[in-house]
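Secondary and tertiary structure notes
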Amino acid sequence: MESLELIVAVAAAVLLAGWLARRTGLSEPLLLLGAGCLAGLTPAFGSVSLAPEVVLLLFLPALLYWEALTSSVREIRHNLRSIALQSTALVVVTALAVAVVAHAFGYPWPIAFVLGAVLAPTDAAAVAAVARAMPRRILTVLRTESLLNDGTALVLLAVAVEVVADDASFNWTDTSLRFVESYAGGIAIGVAAALLLKRVRQRLDDPLLHSVLSVASPFLAFLPAELVHVSGVLAVVTCGLVSSRYGPRVIGPDARVQATAFWEVTSHLLNSALFVLVGIQLPAAIRALTPAELLRAGVVAAAVGAAVVGARFLWFYTVPYAVRAVDRRPAQRERRIGAAQRMPLAWAGMRGAISLAAALTVPAVTADGRPVEHRDAVVFITVVVIVVTLTVLGPTLPAVVRRARFDAEGEQAAEAALAQRHLGAAALRALPALARRYAVEPGTVAHLERDIGDRLAGGADAARRSHGAHQLETALLRVKREALSELRDAGLIDDIVLRGVQDVLDAEDVRLSLKAARMPTVADNGPADVSHRSP
């Protein structure tokens, strides 16, 4: 019953925070955190504990898979060096910086390194929630970094926890080998899972079964990787990236529309629920410490938070310039960005529920039964750093992006226009042969040719005709829906028949909506202004 109450409370918080964010313009993650804190203060939810297995085994694979599916493989390939450095070396640098600061405040080195590993990775959910306004290249770098750095941090954490729990000694050689095995094994399993899923999809012709397979895909990649003790994070991300390449050829439109709608709702709900659950943990983390421990942990949290943010800023304003001095290839010069445009990358260092789940995996006792010192403090410091980065860095990131004054992304609009022209030309070439194959009347063929030609020609007149036709088709759909309801109300058709016809009308409505979103906008005076919705 308590679990059901928690689900209802989280869902209500997500709905309320989402509604308030859209009405007031306030940061939605901030509102979700606040709602969670308020819930955590109540007796009903004061003892709720976020099980790390829920985040690491349920939330994490699903969120990473959807983020990978919607990432640009081309941009990842072009920015692979930056992404690789940020998802590995920057994680290690941040972990060391946090460990040094924590040790300076009296924490033993083993637990200090645990705290460093916990706070080292940025959070994919937190970054995705606030970084959408960035240019495609910058957003891809940030999203991919946050997808991959979890794997690095979790390997670091496993080594640090072994040292704390088993009194083992740290060994650079063993740790390096573990990194290589974890990364190589995760990538190999991800590729294998994606290719296996491709073979299965090629044999499915039911959109519903395609959607079921889409839901299962991240877990089918994550589970075998975890069983052989390699990076499940990398397995899921690799599976998603490979699947995004072959997906358009093996997944039908019905299955794709259905799966996309599911993932959009699910990813939003999971992201939002994580923010609420992090907020719920804050009162419990405070209650777990004595007043003296709380005061000390609060000071350490402030210092560690500064180290987390400072290490990221230091990285982005030193390492890229060192790489730039070494790599002077013309292709790399063209991709360089200035100090102002580098600021959003440095600013987007939000931590999230992944760090909290990692902190909760720290055992309470060692192998010989002794309590792990400062374990509660680690959880408290982690929650505070998460809350501070989300409430300070997150809401201010859009302003930082505006101040960076990125150039308008004409490249994406140009590529979208190129795609439309190429598709139209291919359709015109194939139209005569297809018309003969299906015995289509010449009048219908001429109408299709004129419609495709108008879209290829563009211009204000064509745009006005397209908008007029769209408005007419939309109005006719409304008439059809009303007539369908009248038939059902009069008892002339059954509800099952209504739903069947309604499904056809809904599919047509979706088609018109997608068509309108990519249609040239008509100015009141003068030529049309072409705009595109990001895919």
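Look a little higher up for the structure.
Presented here is an overview of the structure given in this document.

What counts, and at which threshold
- Residues numbered from 1 in each chain as written.
- Predicted model: local features only at pLDDT ≥ 70, side-chain atom pairs only at ≥ 80, totals over all residues.
- Heavy atoms only, no water.
- Phe/Tyr/Trp six-rings, centres within 6.5 Å; stacked < 30°, edge-to-face > 60°.
- Buried < 20%, exposed > 50% of the residue type's maximum accessible area, 1.4 Å probe, protein only.
- Helix = DSSP H or I, 4+ residues; strand = E, 2+ residues; numbered from the N terminus.
- Contact = heavy atoms within 4.5 Å.
- Axes fitted to C-alpha atoms, helices over the stretch in contact; angles between N-to-C directions.
- Left-handed = near helix turned anticlockwise from the far one by under 90°.
- Nonpolar A, V, L, I, M, F, W, Y, C, P; charged D, E, K, R; others polar.
- Salt bridge = Lys/Arg side-chain N within 4 Å of Asp/Glu carboxyl O.

Remarks on the packing of aromatic side chains
Enumeration over the complete set of coordinates arrives at five aromatic pairs. Ring plane angle 75° and centroid distance 5.3 Å describe the contact between Phe-262 and Trp-263, whose orientation is recorded as edge-to-face. On the accessibility criterion, Phe-262 (34% relative accessible area) is partly exposed. One aromatic cluster is present, built from ring pairs that chain together Tyr-65, Trp-66, Phe-262 and Trp-263.

Examining the side chain of Ser-243
Counting through the fold element by element, Ser-243 comes out in helix H12 (residues 232-250). Owing to a relative accessible area of 6%, Ser-243 belongs among the buried residues under this scheme. What Ser-243 contacts, discounting residues up to four positions off in sequence, is Tyr-65, Leu-69 and Ala-194.

Details of the packing of helix H3 (residues 52-69) against helix H9 (residues 136-166)
The N-to-C vectors of H3 and H9 enclose an angle of 145°; their axes lie 10 Å apart at closest approach. When the axes of H3 and H9 are compared, the crossing they make is left-handed. Of the residues in H9, those in contact with Leu-60, Leu-64, Glu-67 and Ala-68 of H3 are Arg-143, Leu-147 and Asp-150. Its residues placed into classes, the contact of H3 with H9 shows four nonpolar, no polar and three charged.

Focus on the pattern of salt bridges
Per the stated rule, a full pass over the model turns up eight salt bridges. In this structure, Arg-481 and Asp-509 form a salt bridge, with 3.0 Å as the shortest nitrogen-oxygen distance. Of this pair, Arg-481 sits in helix H22 (residues 459-489) while Asp-509 sits in helix H23 (residues 495-517), and the two are 28 residues apart along the sequence. A relative accessible area of 23% means that Arg-481 is categorised as partly exposed. Between Asp-489 and Arg-488 there is a salt bridge, and its shortest N-O distance comes to 3.0 Å. A relative accessible area of 59% means that Asp-489 is categorised as exposed.

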